[in-house]
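Now for the letters of each chain:
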Amino acid sequence: MGLVIGGIIVYATRQSAVSLPPRSIIILHTLIGLLAAALAAVIFFNAWNSYTRFQFQGRHFVFGLFFLFAAVTDLAHILAFPGMPLYQPHAPDISAKAWLTGRLAQAGAFLFCPLMTVESRIRVGPWTAMTLAGALAVTAGLFLGSRALPVLYTPDNGVTAAKVLLEFLVMFLFLAASYLHRRKLRESNGLLFQSAFLIIMLGQLCFISSSSEWSTETLLGHLLYLGAYACFLASLVKSHFDTPFKKLDAKCQRLDYVLNNSPLPIVTTEIDGTVTFANRAYIQMAGSTGLKQVIGRPLDAVLPGLAPSDREAVRETLSEGRATEVQGTLVCTPGIIQQVKINAYPIREEDGKIRGGFITVQDVQAQADLANLQRLHSTVLDLSMGAIVVVNRNGIIAAVNREAERLFALERQNILGKDYRTVFRKNLQLKTEVGLSAAIKTGSRSDFTEVQGAKNKYYLIATDALRDQRGEIIGAVANVVDISLWKAREQMTQQRVKLALVGQMAAGITHEVKNPLTAIHGFSQLLMERYKNDDTLYQQLQIIKEEAEKAFQLITDFLQFARPKEPVVEPLNIAEVLHSVVNVIEAEAFLQNVRVELFIEPDMDPVNADRGQLKQVLFNLAQNAIQAMPQGGTLTFKARRQGPGQVCIAVADTGQGIHPEDLAKLGTPFFSTKEQGTGLGLSICYSIIHSHGGQLTADSTVDQGTEFRIILPCSPPKQ
């Protein structure tokens, strides 16, 4: 509708246009331009004042800066108009360019400011100076570099297509801005804002239909823009005066909402004790049917059953203006007497004069019951064998028990308030999600599930959602049980069962296989001696002899595994044993491009072990590690204390690693990840360490490496 009306006006002005003297046009154009620039400057100062005095949002001040920029370009537009001091005959369109620059700045103000979110306070002075400097720089650029820009107007041909396109662009930008401001335009008090946008559209139609800088359409467009400025300024002034009242009304509504939704019964009174307000909690406690039964009643009537001395103390709050706290009994709903704590505070005006009183009533019995319940809750949690972790809806840890402190190796104050994902990931290094996220999002419950952590740690974790009285999810709880020790014992039991089965099998078949192998080996040697001149037959007999020796060695290893030699233990210096192993293995490691490192904790206690068997285990683990690094790497030996009375020896590589499904099979006879391996070497290692009363465990990550840890008892100190 606005576009249709604008078209009619433009058509009428073109039909009834009167040729005005050029000097009259210049004077009229100058007056309109100065008024427009002045209004733009006033809009800027209004935005400045609103931002600094009334703490408006930063985008309001940025909006004013755009208009300050437009005011400067409007002045340049006036001064560069034909017949004015800065008019350039060789560049007659500078005035039009300055005008369009200002309109683009205004369109930008309406288009971009609603999208801005300025959190920090803006330094008004520097930003104003930068805006002025930018406007002056742009204006100077228009004068100095006008020829580099498209021509918008020539005295001979009038307005060019480039100017029409730019006018359409300005119109489009204002239409887009009106969409962003659609909520404000629909408001009941948005008439001024609506009028300003409508007038701008009509003004743009005038400029689009204008054929020269001297036309009546151009002057009409300037007048319409002047009217739009006035509407914008009036809207801003109205908002300037309405905003404090709106904020005050909003604060009153928020205060009323907070008081009425407070679980604490609240009453306010006049200075004479007449009740002026009571929130819902008090009306419910007093058993009243509504606010009308309380408002206007005396203070004695709303505090029934309170001792006279306590009632007098509350009155002193109104008369003397000091806060009072009393404890006593109140007769609340019929037949119910409650132990309560009453706090009374004076309400003062700005000059300090007492206006009334603010009274809160707190159920002391409920508070005591809650404290007892909290102590019971804390005691039960601390007696739990599992680590209990309670989180809120955001995943922040709200409560833990003593077992959780032990499990995470952190004190309670260092756990509370942290994101559970960070604590679980850093301290337990779990391979999978705990399940608290699902409990918080969907309310799902998970029974105890086994989850693996780092360094052979295993946990049973159960989770469930926490709900309030309405059934809404307010958080979640996790019960984490450390089953690493039980898991290790289970693995040792399984290993002992394997060893027992293998021992029984070895006892039955070893000798039956060994005797034929001895015969094959012996006869192959005799035949080799007889047919040593026949090269083909000799080579075939040589293969028979070597394969028989391999089978014989396999049987020997199998016998050693099934019936290990009883270790001859003695106190051993771990440093000496490791140094001797490293000295031997370094040569082979050097040939395979493997660097050997040795780290020994100082003042290590001696261990009870068989020197030969311990070296055999270390050599076997070292050779496996070197073979796992075909491209080279690092082989590391470490020795450190492991708890009271134990020593840990670690052999680590940076090789291919072992898949998780293969880790559980380590130590099983004839299971090997190597193509030519038998699996007996590692089985013998497990057997030797177990016969020493120790443990052999492995931890591996694919493509990162493997670490075997030998845990042995220390030698008891000499008496």
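Fair warning: this is a prediction, and the values are worked out from it, not measured in the lab. (Residues numbered from 1 in each chain as written. Predicted model: local features only at pLDDT ≥ 70, side-chain atom pairs only at ≥ 80, totals over all residues. Heavy atoms only, no water.)

Some details on the overall build of the chain
Operational definition: Comment: elements are numbered from the N terminus, with helices defined as DSSP H or I runs of at least four residues and strands as E runs of at least two. Partly exposed residues are those whose accessible area sits between 20% and 50% of the maximum for their type, while under 20% is buried and over 50% is exposed, using a 1.4 Å probe and protein chains only. In what follows, a contact means two residues having at least one pair of non-hydrogen atoms within 4.5 Å. The accessible surface values rely on the Shrake-Rupley method and a 1.4 Å probe; as for residues, cover is taken only from the protein chains in view.
Helix and strand content of the chain: 22 helices and 19 strands. Buried positions account for 41% of the 719 residues belonging to the chain. Taking as baseline every contact in the chain between residues at least 6 positions apart, the subset at least 24 positions apart corresponds to 61%. Accessible surface, the chain as shown: approximately 39600 Å² in total, 58% of it carbon and sulfur.

Considering the confidence of the model for the chain
Keep this limit in mind: What pLDDT reports is the predictor's confidence in each residue, on a scale of 0 through 100.
Taken as a whole, the chain shows an average pLDDT of 79; of its residues, 84% reach a score of 70 or greater. Low pLDDT, under 50, characterises residues 1–21; the predicted model gives this stretch 22 contacts beyond four residues in sequence or across chains.

A few points about the nonpolar core
Condition: The term nonpolar core refers to a set of buried residues drawn from Ala, Val, Leu, Ile, Met, Phe, Trp, Tyr and Cys, joined through side-chain atoms within 4.5 Å.
Core analysis: the largest hydrophobic core is formed by 49 residues, its most contacted members being Phe 67, Phe 110, Phe 174, Tyr 225 and Phe 232. Elements with a contribution of two residues or more to this core: helix H2 (22–53), helix H3 (58–79), helix H4 (94–112), helix H6 (161–180), helix H8 (191–209) and helix H9 (216–260). When residues of this core are assigned to their parent elements, the largest contribution, eleven residues, is made by H8.

Comments concerning the sheet that holds strand S11 (residues 458–467)
Basically, it comes down to this: Think of it this way: DSSP has to see at least two bridges between two strands before they count as a pair. Inter-axis angles, ranging from 0 to 180 degrees, are taken between N-to-C directions of lines fitted to C-alpha atoms, where helices are fitted over the stretch in contact.
The five strands are arranged S9-S8-S12-S11-S10 in an open sheet whose pairing can be described as antiparallel. The outermost strands of the open sheet, each flanked by one partner alone, are strand S9 (397–400) and strand S10 (446–452). Looking at each pair of strands side by side, their axes are set apart by 25 degrees on average, direction ignored. Sheet topology note: the S11/strand S12 (residues 473–482) ladder contains nine bridges and is antiparallel. Across the sheet, residue Tyr 459 finds its bridge partner in S12, namely Asp 482.

With respect to the pattern of salt bridges
Proximity of charged atoms lets side chains of opposite charge pair with each other. Put simply, the rule reads: Whenever a carboxyl oxygen of Asp or Glu lies within 4 Å of a side-chain nitrogen of Lys or Arg, that contact is scored as a salt bridge.
The full count for this structure, using the stated rule, is 15 salt bridges. Taking the shortest distance from any N to any O, the salt bridge between Glu 472 and Arg 470 comes out at 3.7 Å. Of the residues examined, Arg 470 reaches a relative accessible area of 68% and is grouped as exposed. Each of Glu 270, Glu 349 and Arg 355 takes part in salt bridges that share partners, so that together they form one network.

Points about helix H20 (residues 611–627)
So the rule is basically this: What a helix is expected to span follows from its residue count: subtract one and scale by 1.5 Å. Residues adjacent in sequence count toward polar contacts only when both atoms are side-chain atoms; beyond that, a polar contact is any pair of N or O atoms within 3.5 Å, and within protein one must be able to donate a hydrogen and the other to accept it.
Over its 17 residues, H20 extends 24 Å from the first C-alpha to the last, a length consistent with the 24 Å expected when each residue adds 1.5 Å. Of the residues making up H20, those classed as buried are Gln 613, Leu 614, Val 617, Leu 618, Asn 620, Leu 621, Ala 622, Ala 625 and Ile 626. You can read the cap of H20 off the contacts: a side-chain oxygen lies 3.0 Å from the backbone nitrogen of Gly 612, and it is on Asp 610.

A look at the packing of H6 against H8
The test is simple: Angles are sorted into four bins: roughly parallel if under 35 degrees, roughly antiparallel if over 145, roughly perpendicular if 65 to 115, and oblique for all others. Here a crossing is taken to be left-handed if its near helix is turned anticlockwise relative to the far helix by less than a right angle, and right-handed if that turn runs clockwise.
For the pair H6 and H8, interaxial distance at closest approach is 9 Å and the crossing angle is 170 degrees. As summarised for this structure, H6 and H8 are arranged roughly antiparallel, according to the angle between their axes. Here H6 and H8 pass one another in a crossing that is left-handed. Residues Lys 163, Val 164, Glu 167, Phe 168, Val 170, Met 171, Phe 174, Leu 175, Ala 177 and Ser 178 of H6 lie in contact with H8, whose contacting residues are Phe 197, Ile 200, Met 201, Gln 204, Leu 205, Phe 207 and Ile 208.

Details of unusual backbone geometry
Even without being a glycine, Ala 409 presents a positive backbone phi close to 55 degrees. By the secondary structure assignment, Ala 409 is in the loop between helix H14 (402–408) and helix H15 (420–427). Residue Ala 409 is classed as exposed on the basis of its relative accessible area, which comes to 64%. For Asp 603, which is not a glycine, the phi torsion comes out positive at approximately 55 degrees. By the secondary structure assignment, Asp 603 is in the loop between strand S14 (594–600) and strand S15 (607–609). Judged by relative accessible area, Asp 603 falls into the exposed class, the value being 68%.

Here's the deal with the side chain of Thr 360
With respect to the helices, strands and loops of the structure, Thr 360 is situated in strand S7 (residues 354–363). If we skip the residues at most four places from it in the chain, Thr 360 touches Leu 264, Pro 265, Ile 266, Lys 341, Ile 342, Asn 343 and Tyr 345.

Describing the pairing of strand S18 (residues 695–701)
A one-sided burial pattern is seen for S18, the buried positions being Leu 696, Ala 698 and Ser 700 and the unburied ones Gln 695, Thr 697, Asp 699 and Thr 701. Relative to strand S19 (residues 705–713), S18 runs antiparallel, the two sharing seven bridges. Paired with Ala 698 across the strands is Phe 708, a residue of S19. The turn joining S18 and S19, which pair antiparallel and follow one another in sequence, is formed by three residues; a positive phi near 70 degrees is taken by Asp 703.

Focus: the side chain of Lys 163
You can see Lys 163 is positioned in helix H6. Judged by its relative accessible area of 4%, Lys 163 falls in the buried class. Apart from residues no more than four positions distant in its own chain, Lys 163 is found in contact with Ala 96, Leu 100, Leu 152, Phe 207 and Glu 213.

A closer look at the sheet that holds S18
In spatial order, the strands read S14-S16-S17-S19-S18; together these five strands make up an open sheet with mixed pairing. Strands with a single pairing partner mark the edges of an open sheet, and in this sheet they are S14 and S18. Direction aside, the axes of adjacent strands within the sheet are offset by 15 degrees on average. Where helix H19 (residues 574–591) meets the sheet, its contacts fall on S14, strand S16 (633–641) and strand S17 (646–653), and the angle it forms with S14 comes to roughly 170 degrees.

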